[in-house]
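Examining the three-dimensional arrangement
Here is what each chain is made of, one letter per residue.
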Amino acid sequence: MLTRHSVQLFDVRNPDEFKAGRIPDSVNVPLGQLEESLKLSPEKFEKRFKVKAPKKEDDDIVFHCQKGRRSLTALETAWRLGFSRARHYAGGYSEWAEKEKK
């Protein structure tokens with residue numbers, strides 16, 4: 001999905017973690033701001049995050065964090081809000097960074 005640029009990848013780590021290293025094309029939406037952010041109008045979401053707002057029916061929404069715990073919470077939040085096709089990257093940034101070293 002990353003290589004095809006066919007993913008809406010949301011990094012739910014804190015801004016300082018995101019600045020220290022990130023998966024390309026990911027958008028930082030800290031977990032503490034996720035619910036309110038997903039409730040924004042598409043225009044406000046796009047203005048705040050500089051990307052297209054996710055739609056509830058999208059099947060390319062993926063959340064990730066450092067190791068998978070926060071992204072699982074993010075996924076549960078998204079599902080509760082109606083983003084029923086969203087997923088999370090269980091291995092998180094740590095797994096991605098390790099694979100990229102190889």
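Okay, so let's go over this structure. Given the structure is predicted, the values throughout are model-derived calculations rather than measurements.

Moving on, we get to unusual backbone geometry. Even without glycine at this site, aspartate 25 takes up a positive phi of about 70°. Notably, lysine 50 is not glycine yet its phi reads approximately 60°, a positive angle. With respect to the helices and strands, the residue lysine 50 is situated in the loop between α3 (42-49) and β3 (61-64). Taking the relative accessible area as the measure of exposure, lysine 50 reaches 68% and is therefore exposed.

The end-to-end C-alpha distance of helix α4 (residues 69-80) is 17 Å, a good match for the 16 Å that twelve residues give at a rise of 1.5 Å each. Among the residues of α4, those classed as buried are Ser71, Ala74, Leu75, Thr77 and Ala78. The buried residues of α4 occupy one face: seen down the axis, they fall within an arc of 160°. Structural note: α4 exposes Arg69 and Arg80 on the side pointing more than 90 degrees away from its buried face. Where α4 is buried, its residues touch α2 (31-38), β3 and β4 (87-88). Glycine 82 sits one or two positions beyond α4 and adopts a positive phi of about 100°.

What the four strands build is an open sheet, ordered β2-β1-β3-β4; its pairing is parallel. Looking along the sheet, the strands with just one partner apiece sit at the ends: β2 (27-28) and β4. In this sheet, β4 lies alongside β3 in parallel orientation, the contact comprising two bridges. Residue pairing across strands places phenylalanine 63 opposite histidine 88, the latter belonging to β4. Contacts from α4 reach β3 and β4 within the one sheet, and its direction differs from that of β3 by about 145°.

Take the nonpolar core next. It is characteristic of soluble globular proteins that their nonpolar side chains tend to be buried jointly. Counting 18 residues, the largest nonpolar core has Phe10, Leu38, Phe63, Phe83 and Ala86 as its most contacted members. A per-element tally of this core places α4 first, with three residues. Apart from the residues within four sequence positions on either side, phenylalanine 10 is in contact with Val27, Val29, Phe45, Pro54, Ile61, Val62, Phe63 and His64. Leu9, Ile23, Tyr93 and Ala97 belong to the second-largest nonpolar core, a separate cluster that totals seven residues.

Rules of the game
- Residues numbered from 1 in each chain as written.
- Predicted model: local features only at pLDDT ≥ 70, side-chain atom pairs only at ≥ 80, totals over all residues.
- Heavy atoms only, no water.
- Helix = DSSP H or I, 4+ residues; strand = E, 2+ residues; numbered from the N terminus.
- Buried < 20%, exposed > 50% of the residue type's maximum accessible area, 1.4 Å probe, protein only.
- Expected span 1.5 Å × (residues − 1).
- Arc of directions from axis to C-beta.
- Contact = heavy atoms within 4.5 Å.
- Pairing = 2+ DSSP bridges.
- Axes fitted to C-alpha atoms, helices over the stretch in contact; angles between N-to-C directions.
- Core = buried A, V, L, I, M, F, W, Y, C linked by side-chain atoms within 4.5 Å.

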